Amino acid sequence: MRVRIAGFMIMAAVLAAAGLALATPASSAQLTEITGFGTNPSNLRMHLYVPDGVGARPPVLVAVHYCTGSGPALYSGTEFASLADRYKFIVVYPSATRSGACFDVSSPQALRHDGGSDPVGIVSMTRYVQQRYGGDPDRTYVTGVSSGAMMTNVLLGDYPDVFKAGSAYMGVPFACFATTDGSSWNSACANGQIVRTPQQWGDLVRAAYPGYGGARPRMQIWHGTEDATLRYPNFQEQIKQWTNVHGLSQTPSLTDTPQAGYTRTRYGSTGGMAQVEAISIQGAGHDLPRAGMAAETIRFFGLNTGPTTTPTVTPTVTPTVTPTATGPCQVTYAMNTWNTGFTTAVSITNSSSAAVSGWRLTFTLPQGQTVTSAWNASISPSSGQVTATNASYNGSIAPGASVSFGFQATHSGNTSKPPSFALNGTTCSAA
């Protein structure tokens, strides 16, 4: 078991290396441990984050950690708390207490409604928040990473009456990890060797709560193609399961590429709140969520339409403003900041009548800002005057067309934007 769990231990290091550990919100709200929250057969621990200024019936998000992790580790290592500050929802962080800190997603008790084990404790936490803080039962959601993603699948199967939607980062289908010998590990499932028909997968979910005839939770699924811990075939098996649960075709209603390396499919509708949404990340291993992905989960849940007033709290999103000047190029630069970090989405528009073939965008980062990673471009050096250079696939910009890239960075308190931009040596107008 020790060797098997080791595959999950990369999660804490990956989240920290990605800069996501910098996402702890800078507000008066604090992560608080709650005891005596209700029936808790496996002695889970509960931590709760209630942002300043939540409304009378706030949404509730349950965020479930990876093996070897904890609720506080997921709180400090992901962007969900910062997003809660912005959109005013409450976050519940369960913690597993058994050896290895994995959640029970394999026992017969865990795989049926009110059967016992970890799902019962997590639902007790959820209901406690609904009762004690007025949490909205119609806006209660769950997300999880690795072992927590498996638990997300389990909770949606066991408690479709409690959770309205889920988002699973690097998980496996409901009941894929099922065992009957007391073991908490299923190598065949982890290695992507359990393949079933959509009907078979759907029947496992339906059997978890016999007689339930209500609405089923929507599902968002994330997976990297090079995941060596919970292999990539589990991505398609989850799609098969949840499309069948919703009575949907295996043929996507929409397929697109929201950014380089991402393939997104939606089932049941083409909109952003489809019954099932699946995002495959080319080349990614067991290292999700990456920066910006949590915001996509919040968007899928519909929580990004809530109140956004944050008096003294980060993150803030710098609004995109129409440039006041024209020239051969225009640059928009939209920042999403938290207490010591930020991400930026940059768009370059070719306003000239000639195509650009190969681009280099030069700008000066304000003092204290340092780039840690970038996508759709390479950036060098990491601070001061930097140059973003096109990737192999986006070097051409036709007249009137645009290209986009982004990066993540740290800051020491200065979150201002670069004062100017130059494309291949020519000054651009900027928003």
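Refer to the preceding data block for the structure.
Thresholds, definitions, all that
Residues numbered from 1 in each chain as written. Predicted model: local features only at pLDDT ≥ 70, side-chain atom pairs only at ≥ 80, totals over all residues. Heavy atoms only, no water. Helix = DSSP H or I, 4+ residues; strand = E, 2+ residues; numbered from the N terminus. Buried < 20%, exposed > 50% of the residue type's maximum accessible area, 1.4 Å probe, protein only. Contact = heavy atoms within 4.5 Å. Areas by Shrake-Rupley, 256 points an atom, 1.4 Å probe, with all protein chains shown as cover. Axes fitted to C-alpha atoms, helices over the stretch in contact; angles between N-to-C directions. Parallel < 35°, antiparallel > 145°, perpendicular 65-115°, else oblique. Left-handed = near helix turned anticlockwise from the far one by under 90°. Phe/Tyr/Trp six-rings, centres within 6.5 Å; stacked < 30°, edge-to-face > 60°. Disulfide = S-S within 2.5 Å. Pairing = 2+ DSSP bridges. Nonpolar A, V, L, I, M, F, W, Y, C, P; charged D, E, K, R; others polar. Polar contact = N/O pair within 3.5 Å; in protein donor to acceptor, adjacent residues only side chain to side chain. Core = buried A, V, L, I, M, F, W, Y, C linked by side-chain atoms within 4.5 Å. Salt bridge = Lys/Arg side-chain N within 4 Å of Asp/Glu carboxyl O.

A. Region of the structure containing the overall build of the protein chain. In terms of helices and strands, the protein chain carries ten helices and 21 strands. Every one of the 431 residues in the protein chain was classed for burial, and the buried ones make up 53%. Of all intrachain contacts in the protein chain linking residues separated by at least 6 positions in sequence, the fraction that spans at least 24 positions is 72%. Total accessible area computed for the protein chain in this model is approximately 16400 Å², and 50% of it derives from carbon and sulfur atoms.

B. Seen up close, the packing of helix H4 (residues 80-87) against helix H10 (residues 293-301). Look at H4 against H10: their axes get within 9 Å of each other, and the N-to-C directions meet at 45°. Here H4 is positioned oblique relative to H10, judged by the angle of their axes. Handedness of the crossing formed by H4 with H10: right-handed. Here Phe-80, Leu-83 and Tyr-87 of H4 lie close against H10, whose contacting residues are Ala-294, Ala-295, Thr-297 and Ile-298.

C. Fine view of the packing of aromatic side chains. According to the stated counting rule, one finds twelve aromatic pairs in the structure shown. Here the aromatic rings of Phe-177 and Trp-185 are separated by 5.3 Å at their centres, their planes lie at 85°, and the arrangement is edge-to-face. You'll find Phe-177 and Trp-185 in the same group, each marked buried. Geometrically, the ring pair formed by Trp-359 and Phe-405 is stacked, given 5.7 Å between the ring centres and 25° between the ring planes.

D. Highlighting the state of the cysteines. As enumerated under the stated definition, the model contains three disulfides in all. Across a sulfur-sulfur distance of 2.0 Å, Cys-329 and Cys-428 are joined as a disulfide pair. Disulfide Cys-329-Cys-428: torsion about the S-S bond near -95°, hence left-handed. Note that Cys-329 is positioned in strand E11 (residues 329-337) and Cys-428 in strand E21 (residues 426-430), a separation of 99 residues in sequence. On the basis of relative accessibility, which here comes to 2%, the residue Cys-329 falls in the buried class. According to the relative accessible area criterion, Cys-428 is buried, its value standing at 8%. If the cysteines joined by disulfides in the protein chain are listed in sequence order, their pairing comes out as 1-2, 3-4, 5-6.

E. How the structure looks around the sheet that holds strand E8 (residues 254-256). Spatially, ten strands are ordered E1-E2-E4-E3-E5-E6-E7-E10-E9-E8 in an open sheet, and the strand pairing comes out mixed. Of all strands in the sheet, those with a lone pairing partner are strand E1 (31-34) and E8, marking the two edges. Between one strand and the next, the sheet's axes are offset by a mean angle of 15°, whatever the strand orientation. Across five bridges, strand E2 (residues 45-49) lies against strand E4 (residues 90-95) in antiparallel orientation. Note on E4: the bridge partner recorded for Met-46 is Pro-94. Its contacts with the sheet put helix H9 (residues 233-245) on strand E6 (165-169), strand E7 (218-224), strand E9 (262-267) and strand E10 (276-281), and the angle it makes with E7 is roughly 170°.

F. Local environment of the packing of helix H8 (residues 198-208) against H9. In the contact formed by H8 and H9, the axes pass within 8 Å of each other and the chain directions differ by 65°. One way to sum up the angle between H8 and H9 is to call them roughly perpendicular. By crossing handedness, the relation of H8 to H9 is classed as right-handed. Residues Pro-198, Gln-199, Trp-201, Gly-202, Val-205 and Arg-206 of H8 lie in contact with H9, whose contacting residues are Glu-237, Lys-240, Gln-241, Trp-242, Asn-244 and Val-245. Grouping the amino acids of the contact of H8 with H9 by side-chain chemistry returns five nonpolar, four polar and three charged.

G. The environment of Asp-114, seen in detail. Structurally, Asp-114 can be placed in the loop between E4 and helix H5 (117-132). Separated by 94 residues in sequence, Asp-114 and Ala-208 place their C-alpha atoms 9.4 Å apart. Discounting chain neighbours no more than four positions away, the residues touching Asp-114 are Val-120 and Tyr-159. A polar side-chain atom of Asp-114 sits 3.3 Å from a polar atom in the side chain of His-113.

H. Fine view of the nonpolar core. Among the nonpolar cores identified, the biggest contains 54 residues, and Met-46, Phe-163 and Phe-177 are the most heavily contacted of them. Contact partners of Phe-163, with chain neighbours within four places excluded, come to Val-62, Val-123, Thr-126, Thr-140, Tyr-141, Val-142, Leu-155, Leu-156 and Pro-217. The next biggest cluster of nonpolar side chains, apart from the first, holds 32 residues, and it includes Tyr-93, Tyr-169, Met-170 and Leu-288.

I. The arrangement of the environment of Ala-190 in detail. Structurally, the position occupied by Ala-190 is in helix H7 (residues 187-190). When its relative accessible area of 1% is taken as the criterion, Ala-190 is described as buried. Other than its neighbours up to four places away in sequence, Ala-190 contacts Phe-177, Trp-185, Thr-229, Leu-230, Arg-231 and Asn-234.

J. Molecular detail of the pairing of strand E14 (residues 360-364). Of the two faces of E14, only one is covered, namely that formed by Leu-361 and Phe-363; the face formed by Arg-360, Thr-362 and Thr-364 stays uncovered. By the bridge criterion, five bridges tie E14 to strand E17 (residues 385-390) in an arrangement that is antiparallel. Within E17, the position partnered with Phe-363 by the bridge is Val-386. As paired elements, E14 and strand E20 (residues 421-423) share three bridges and run antiparallel to each other. Across the sheet, residue Thr-362 finds its bridge partner in E20, namely Ala-422.

K. Geometry of the pattern of salt bridges. Across all of its chains, the model carries twelve salt bridges by this definition. Close ionic contact of Arg-98 with Asp-118 constitutes a salt bridge, the shortest N to O distance being 2.6 Å. Placement of the pair is Arg-98 in the loop between E4 and H5 and Asp-118 in helix H5, with a sequence separation of 20 residues. The exposure class of Arg-98 is partly exposed, given its relative accessible area of 32%. On the basis of relative accessibility, which here comes to 0%, the residue Asp-118 falls in the buried class. Across the salt bridge formed by Arg-299 and Glu-277, the nearest N and O atoms sit 3.0 Å from each other. With Arg-299 in helix H10 and Glu-277 in strand E10, the pair connects residues that are 22 residues apart, well separated along the chain. Given a relative accessible area of 16%, Arg-299 falls into the buried group. Salt bridges sharing common partners tie together Asp-256, Arg-264, Arg-266, Glu-277, Glu-296 and Arg-299.

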